[in-house]
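One-letter residues, chain by chain:
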Amino acid sequence: MDTPSTTAPPVPPIQRQPRESVVVRFAGDSGDGMQITGSEFTAETALAGNDLATFPDYPAEIRAPAGTTFGVSAFQIHFGSREVMTAGDELDALVAMNPAALKTNLKDLRHGGVLVCDVSTFNTRNLTKAGYTVSPLDDGSLSDYRVLRLDVTKLNAEAVKPFELSAKEAVRCRNMWTLGLMLWMFGRERNAAIEWLERKFAKKPEIAKANVATLNAGHAFGETAELTSVVPYSVAPAKVGPGIYRTVTGTEALSWGIVAGAQAAGLARVVMASYPITPSSPVLHTLAGLKQFGVVTFQAEDEIAAMCAAIGASFGGALGVTSSSGPGIALKTEAIGLAAMTELPVVILNNQRGGPSTGLPTKTEQSDFYQAVYGRNGDTPLPVIATATPSDCFEVGVEAVRLATKYMTPVMLLTDGYLANASEPWRIPDTNALPRFPVTFHTDPTGFQPYLRDPDTLARVWPIPGTPGLEHRIGGIEKDYDTGHISYEPENHQRMTDTRAAKIDGIANDIPLQTVALGEDHGPLVVVGWGSTYGPIHQAVRQLLAEGQRVSQIHIRYLKPFPRNLGDLLKRFDRVLVPEMNNGQLVTALRAEYLVPAKKLAKVTGKPFKISELVSAFRARLEEQS
Amino acid sequence: MTATMPTPLKPSDFESDQEVRWCPGCGDYAILKAVQRTLADVGARTENTVFVSGIGCSSRFPYYVSTYGFHTIHGRAPAVATGLKLANPELDVWLVTGDGDGLSIGGNHLLHVLRRNVDLTIMLFNNEIYGLTKGQYSPTSRVGTRSPSTPMGSLDLPVTPSLFALGAGARFVARSVDTQQAHLVGVLKRAHAHRGASFVEIFQNCVVYNDGVFDEFTDRSVAADRQLLAEHGKPLVFGKDRDRGLRLKPGTLDLEVVTIGAAGVSEGDILVHDETNRTLANLLGSLHPPEFPQVLGVLYCSPAASYEQVVFDQMNAAAGKGPQDLASLMRTGRTWTVAG
C-alpha cells in the first residue's frame, strides 16, 4: 500500500480557527451520492468527539432528471464542542455540486460562509436547467461568500486515473474528493471513511482504491493549495458523560426500542406488519433484518391488512406492531378501532409527513396529532406518545410496548420524517438497566370470561388460543361487561364505554409527572412543544435565558392521556405559546382540556423550525401586553 | 410415561352456549352442522381451533362454535388470520366469509391470502346477496338482479368465486352445497387436510332475500341432472342414469356435454378428473346450468409449502446469525468510547 505521507516533505502546521459549532450542507444531484458523503462526514465528526445533529433532505423522486432543482439531494450536519440539538439554522459551509444545488441551497448560507462549487458542472445546459441566465460564478452575485471555484470533476479524474475506471465509474467517485476536502477543512481524520469504502467495495477493489485515492487527493488539495479564501476550522470535542457512543437515527433507535420492549415484556415473538410508505418503510427494513430476535416481518397487501395482521398476531400472543405515515394511518383507522374494542395490544408507529392526502411525502410535519388522539369513529380513546429526538425513539419505543401490553390497548407512537432520518450521537444504554414489565397470558379457566379486568389498571386479561378451557369469541361488536358475549344493552354500552375511557385515562397515574425542560416552573411565558420540535425550542429558550429573559420550556411526551400535573403547571405561567409544525393542534387540546389561553405558533413548510425564528417569536410573545 | 389420548369430541362438543340467531331456514344452519361434524371427524381440539370471520350473516359463525373465535371487521378476516398464523403457526385456523365480505370489500385480502398460501381453511358462503344489510345485490349476483339498490336490475357482471381463487393462485379449490351434508362434510375434510390455503365455496340459500337462487341445480328434482360431483381419477359423469359426461370438444379447449352410448360416444371418451390440473379446474369452474352441470367437489388440489412454513424456515435460517443480543446489536457499526 502506498504511504505517501512518509515521503512527502513536512507540511507547516495549519493555523485553524477554533469554532464552537459549525453547520455544513452537502448538496448535489440525487445521483451524486450526497447522502453517503454526509453520513461519512458524520462518522468522522462523531469519532472526533463532537456532538452533532444531521438532517438528510432528499427529493421524493428516486431519480429525478439530472441537473434539475427538484432533483437536488442534500445532507446537513451541525456539529460542535457544546450540546447540539438541531441541524442548525444557517450554513457555515455549503458544497454545491451543480448549479441546481446552488440555486436551491444558497439562501441558507450565511454571509461570509464558505461555498464550494464544482465549476465543471456550471455549463449552459445545467445553468439553464437550474433557471440561471448568467452563471452566478461570473456575475458577482456570490461576492458575499468565500467561494472555492474548483474543477472537482477534473481533480477527481486525475486522482482516479491510475485505476482505469470507466468514465461513468470515475465520475461517481467525485463525491469522495469533496468529502476529502471538507474533512481537511475541519481537521478530521479519514480512517473511518477509508475503512467504510474498503468494506463497501470489497468485491471491487479497484473501485475502492479509486475512491480512497480521490478522498486522499481532496484532503491533500486542502493542505497544499493555499486556499487563501478559506480559513480552516477546528471544533473541539464536546464534553459528554463517559460511556460507549454511536450515532443513531430515529429509525434505528425506534426499531431497537421495539425489540427491547418485546424482550422487557417477555414476549418471544414480534409480528411487524407493514405496507411500504415514505418515510416509514425504513423501520420495516430494519426490523426485517432482526429475525434472530424473534421478529417476523410481514409486508402486507395494504395498510388495512397490515394493521389487521398486527391485531391477529396479538390475539395469538405475539406483539403486533404496524408502522405507517398519515395517509396509511387513515386507512388503518377502522382496524385501530377493532384493536381498541377487542382490547388487544398493538403498537402503531406513525412516522408523520406533510399532509393532507399525499401531501409532502419526504418532508416533515407533525400534523397528525388530531388523527392520533381523536381520529376514529365512536368513543375510541387510546394512548398517544411522541418522540423528541432520534435517540429518544429508543426509550419511547420501549414505553409504547409497556403501555400496550400492560393496558391491553393499541398505542399510537408519533414520530416524524425528520426524526426518522436525522441522527445524533447516542450513549448506548445498558441493556441490563432497561425496565422489565413481563406480561402474563391468562390460563385459569375458573370464572373466566374474556373481559375479566385487572381492578387497578382495568386492562382485560390476555388469553391466547391454544390454552385449554379459555375458548372464547371476541370481535368488534360491543360485549357484555360480565360475560363477554355480544350485548346491545344500553346500560352495558355506557359501562363499557366508560371503562374503556377510564382505562386510558388511568394511564396518567402510571407515567412520569410533566417536568419543565428548561427555565423556572412559573413565570411570564412557557413554550409547550411535542415531538421533534424539542431541539429548536430548547436552543431558543436557552438563548433567551442567557439574555436574562424569563421563559420556560415544557416538552410533552405523553399526549393522551396528558401527565396529571400538566394543567396545574401550565396555569403557573402568564402566557402559553405552542410551537407546532402544523396549523395548531396540540394548542386546541390544551385549551380544551385546561381552559388555558394558549396561543399557537404554527409552521408547515415541511422544514423544522429554525432557532432564530423561534427566538423572535418567543421574544415577541414576551413583549405582548397579554 | 404414557401419553393419554385426549377424549374424542362429538359434533355437539363444538356447539357454543350462544343461541344461534340466523333466520329460520337459513342455509347457514346446515353449514354450521356440517362444520361441527367435520371438526369431530377430524379430531379437532377446541383449544387449538380458531374461527376468524369478517362481517355479514356468515361472519356471525364464530359465536356458534365452542372454539376460539374472532369476529373481525368487514373483509379483513384473511389479514387477521394471517397475523394469527404468524404468531402461532400451530393453530388450526378457519376463515368464514361471504360473497360480499370476501369478494367485494375484502377482495384484495382474499386474493393475497390465497396467493401467499397461508395455511387456512377458507369457507366462502355464497348466497349471491347482501343479507345483513337487507338485500342489496352482491358481486356474485347475476346480471339483472333486482334489489333495493338496483330496482331496475343489477348491471355489473358477477365474479365466479372458484375462478377468482384459481386466478389468485389458490392450491385448493372446492365447491359444495349447504344442504348436501354428506358431500359438504367430505369436501370440508379434504380442505382441512390440505396444508396451505384451501378455498371452499359453499352455495348457501338465503331464505329471506334470495330464496331459491340455486334451485336450478340444488332442487332435489333436478340435482342429479344438474350437478356433477367431481372426484379425482374418476370420469366426469353425471345424470340420474350416470350416462352423461364431459369431454373436450375436439379441436378446442372447451368442454361439451355428451351422452354415453349416443352418437358413438363411449365411456372411454369421457374426461377423467385430474384435480392437480389447473387448466381443467378452470374449465370445470366456468360451467353453469342449464347448458352444463354445476361441478361440485374438489376442482383443484396441488399442495405447495405454506406461507408460514417458508416464513419460519427463514426465521430458523436467520437464527444464530448476526448479533444475538440487544447489547451487541446496538454496538454494531462505528462506536467510540468516552472515558470517565
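Residues numbered from 1 in each chain as written. Chains lettered and ligands numbered in written order. Predicted model: local features only at pLDDT ≥ 70, side-chain atom pairs only at ≥ 80, totals over all residues. Heavy atoms only, no water.

A. Geometry of the overall build of chain A. The helix and strand inventory of chain A stands at 21 helices and 22 strands. The C-alpha radius of gyration computed for chain A amounts to 27 Å, which stays within 12% of the reference 25 Å derived for 626 residues, consistent with globular compactness. Its C-alpha atoms put chain A at 85 × 65 × 50 Å along the principal axes. Pairs at least 24 residues apart make up 76% of the contacts formed inside chain A by residues separated by at least 6 positions. Within the structure as shown, chain A displays about 23,900 Å² of accessible surface, and the carbon and sulfur contribution to it stands at 53%. Each charge class in chain A was averaged separately, 59 positive and 65 negative side chains, and the resulting centres sit 3 Å apart. (Helix = DSSP H or I, 4+ residues; strand = E, 2+ residues; numbered from the N terminus. Rg over C-alpha atoms; globule rule 2.2 N^0.38 Å. Contact = heavy atoms within 4.5 Å. Areas by Shrake-Rupley, 256 points an atom, 1.4 Å probe, with all protein chains shown as cover. Lys, Arg positive; Asp, Glu negative; His and termini not counted. Charge placed at Lys NZ, Arg CZ, Asp CG, Glu CD.)

B. How the structure looks around the overall build of chain B. The helix and strand inventory of chain B stands at eleven helices and twelve strands. Dimensions of chain B, computed from C-alpha atoms along their principal axes, come out at roughly 100 × 55 × 45 Å. Among the 340 residues that make up chain B, the fraction classed as buried is 54%. For chain B, the proportion of contacts with a sequence separation of at least 24, taken over those separated by at least 6, is 64%. Total accessible area on chain B stands at roughly 14,300 Å², and carbon and sulfur atoms take up 54% of it. Positive and negative side-chain charges in chain B, numbering 30 and 34 respectively, have mean positions lying 5 Å apart. (Buried < 20%, exposed > 50% of the residue type's maximum accessible area, 1.4 Å probe, protein only.)

C. Broad picture of the sheet that holds strand 16 (residues 423-427) of chain A. The three strands are arranged 16(A)-9(A)-12(B) in an open sheet whose pairing can be described as antiparallel. Where the open sheet ends on each side, the last strands, each with one partner, are strand 16 of chain A together with strand 12 (335-338) of chain B. Going from strand to strand, the sheet's axes swing by 35° on average, the running direction of each strand aside. Of the strand pairs in this sheet, strand 9 (residues 243-249) of chain A and strand 16 of chain A are connected by five bridges, and their pairing is antiparallel. Considered in strand 16 of chain A, the bridge of Tyr245 of chain A is made with Arg427 of chain A. (Pairing = 2+ DSSP bridges. Axes fitted to C-alpha atoms, helices over the stretch in contact; angles between N-to-C directions.)

D. Just the pairing of strand 10 (residues 270-274) of chain A, in detail. All names here are of chain A. Strand 10 sits mainly inside the fold: five of its five residues count as buried. With burial as the criterion, each face of strand 10 is covered, one bearing Val270, Met272 and Ser274 and the other bearing Val271 and Ala273. For the segment spanning strand 10, helix 11 (residues 281-288) and strand 11 (residues 295-299), crossover handedness is right-handed. The pairing of strand 10 with strand 12 (residues 319-324) spans five bridges and is parallel. Along strand 12, the bridge assignment pairs Ala273 with Thr322. (Right-handed = clockwise from strand over helix to strand, strands pointing away.)

E. Representation of the packing of helix 5 (residues 152-160) of chain A against helix 9 (residues 205-224) of chain A within the structure. Residue and element names in this part refer to chain A. For the pair helix 5 and helix 9, interaxial distance at closest approach is 8 Å and the crossing angle is 125°. Put simply, helix 5 runs oblique to helix 9. With respect to the hand of their crossing, helix 5 and helix 9 are arranged in right-handed fashion. Where helix 5 approaches helix 9, its residues Leu155, Asn156, Ala159 and Val160 are matched on the opposing element by Ala210, Ala213, Thr214, Ala217 and Phe221. Residue composition of the contact of helix 5 with helix 9, grouped by class: seven nonpolar, two polar and no charged. (Parallel < 35°, antiparallel > 145°, perpendicular 65-115°, else oblique. Left-handed = near helix turned anticlockwise from the far one by under 90°. Nonpolar A, V, L, I, M, F, W, Y, C, P; charged D, E, K, R; others polar.)

F. Summary view of the domain arrangement of chain B. Residue and element names in this part refer to chain B. Split by domain assignment, chain B resolves into domain 1 (11-234 + 273-308) and domain 2 (236-271). Centre-to-centre separation of domain 1 and domain 2, based on C-alpha positions: 29 Å. Each partner contributes to the interface: domain 1 provides 14 residues, whereas domain 2 provides 13 residues. Buried surface at the junction of domain 1 and domain 2, both sides included, amounts to about 1,100 Å², of which 72% is carbon and sulfur. On the domain 1 side of the interface with domain 2, the three residues burying the most area are Asp225, Leu228 and Leu283, jointly 41% of the side's total. For the pair domain 1 and domain 2, the number of links is two salt bridges. Between Arg244 and Asp225 there is a salt bridge; the shortest N-O distance is 3.1 Å. (Domains from an automatic or database assignment. Buried area = accessible area lost by both parts, 1.4 Å probe. Salt bridge = Lys/Arg side-chain N within 4 Å of Asp/Glu carboxyl O.)

G. Structural view of unusual backbone geometry. All names here are of chain A. A cis amide bond, omega 0°, links Gly355 with the succeeding residue Pro356. With respect to the helices and strands, the residue Pro356 is situated in the loop between strand 13 (346-352) and helix 14 (369-374). Each neighbour pair has its own omega, and for Lys560 with Pro561 the value is -10°, a cis peptide bond.

H. Spatial organisation of the interface of chain B and chain A. Taken together, the contact between chain B and chain A spans 61 residues of the former and 72 residues of the latter. At the boundary of chain B with chain A, total buried surface from both sides reaches about 5,300 Å², with 65% on carbon and sulfur atoms. By the criterion of area lost to chain A, the three top residues of chain B are Tyr68, Arg334 and Trp336 of chain B, representing 17% of everything that side buries. Between Glu301 of chain A and Arg116 of chain B there is a salt bridge, with its nearest N and O atoms 2.9 Å apart. Applying the counting criterion to the chain B and chain A interface returns 27 residue pairs in polar contact (both at pLDDT 80 or more). Each residue belonging to the side of chain B that touches chain A can be placed in one class, and the counts come to 28 nonpolar, 24 polar and nine charged. (Polar contact = N/O pair within 3.5 Å; in protein donor to acceptor, adjacent residues only side chain to side chain.)

I. The arrangement of the nonpolar core in detail. Of all hydrophobic cores here, the largest spans 157 residues; its most connected members are Val528, Leu559, Leu570, Leu586 and Leu590 of chain A together with Val52 and Leu114 of chain B. The leading source of residues in this core is helix 12 (residues 303-315) of chain A, at ten residues. Shared between two domains, this core holds at least three residues of each, these being domain 1 (11-234 + 273-308) and domain 2 (236-271) of chain B. Aside from chain neighbours lying at most four places away, what touches Leu559 of chain A is Phe369, Val373, Val384, Ala386, Leu414, Trp530 and Leu586 of chain A. Ranked by size, the runner-up nonpolar core spans 39 residues in total, among them Val24, Ala93, Val95 and Val212 of chain A. (Core = buried A, V, L, I, M, F, W, Y, C linked by side-chain atoms within 4.5 Å.)

J. Highlighting the environment of Trp336 of chain B. Within the secondary structure, Trp336 of chain B sits in strand 12. Since its relative accessible area comes to 12%, Trp336 of chain B is described here as buried. Taking the C-alpha atoms as reference points, Trp336 of chain B and Phe238 of chain B, 98 residues apart in sequence, are found 79 Å from one another. Among residues more than four places away in sequence, those in contact with Trp336 of chain B are Ala46, Leu47, Gly243, Ile244, Tyr245, Arg246, Thr247 and Pro425 of chain A.

K. Region of the structure containing the pairing of strand 2 (residues 21-29) of chain A. Residues and elements named next belong to chain A. Burial within strand 2 is extensive, with nine of its nine residues counted as buried. The sheet contact formed by strand 2 and strand 4 (residues 72-80) spans nine bridges and is antiparallel. Bridged to Val23 within strand 4 is His78.

L. Structural context of the pattern of salt bridges. This structure, assessed with the given rule, holds 44 salt bridges over all chains. Note that Arg402 of chain A is salt-bridged to Asp510 of chain A, the shortest N-O span being 2.8 Å. Here the residue Arg402 of chain A occupies a position in helix 15 (residues 392-407), and Asp510 of chain A occupies one in the loop between helix 17 (490-506) and strand 18 (523-530), the gap between them amounting to 108 residues. Judged by relative accessible area, Asp510 of chain A falls into the partly exposed class, the value being 21%. Close ionic contact of Glu216 of chain B with Arg142 of chain B constitutes a salt bridge, the shortest N to O distance being 2.8 Å. Of this pair, Glu216 of chain B sits in helix 7 (residues 215-218) while Arg142 of chain B sits in the loop between strand 4 (121-126) and helix 5 (161-167); the two residues are 74 residues apart in sequence, bridging distant segments of the chain. Since its relative accessible area comes to 32%, Arg142 of chain B is described here as partly exposed.

M. Molecular detail of the packing of aromatic side chains. This model, assessed by the stated rule, comprises 27 aromatic pairs over all chains. Here the aromatic rings of Phe55 of chain A and Tyr418 of chain A are separated by 5.0 Å at their centres, their planes lie at 50°, and the arrangement is tilted. Separated by 363 residues along the polypeptide, Phe55 of chain A in strand 3 (residues 51-57) and Tyr418 of chain A in helix 16 (residues 417-421) bring together distant segments of the chain. Both residues of the pair, Phe55 of chain A and Tyr418 of chain A, belong to the buried class. Ring pairs connect the aromatic residues Trp22, Tyr29, Phe51, Phe61, Tyr64, Trp94 and Phe125 of chain B, which therefore count as one cluster. (Phe/Tyr/Trp six-rings, centres within 6.5 Å; stacked < 30°, edge-to-face > 60°.)

N. Local environment of the sheet that holds strand 7 (residues 146-150) of chain A. All names here are of chain A. Strand order in the open sheet formed by six strands is 3-4-2-5-6-7, with mixed pairing between adjacent strands. Edge positions in the sheet fall to strand 3 and strand 7, since each has one partner strand and no second. Adjacent strand axes in the sheet meet at a mean angle of 15° when their direction is disregarded.

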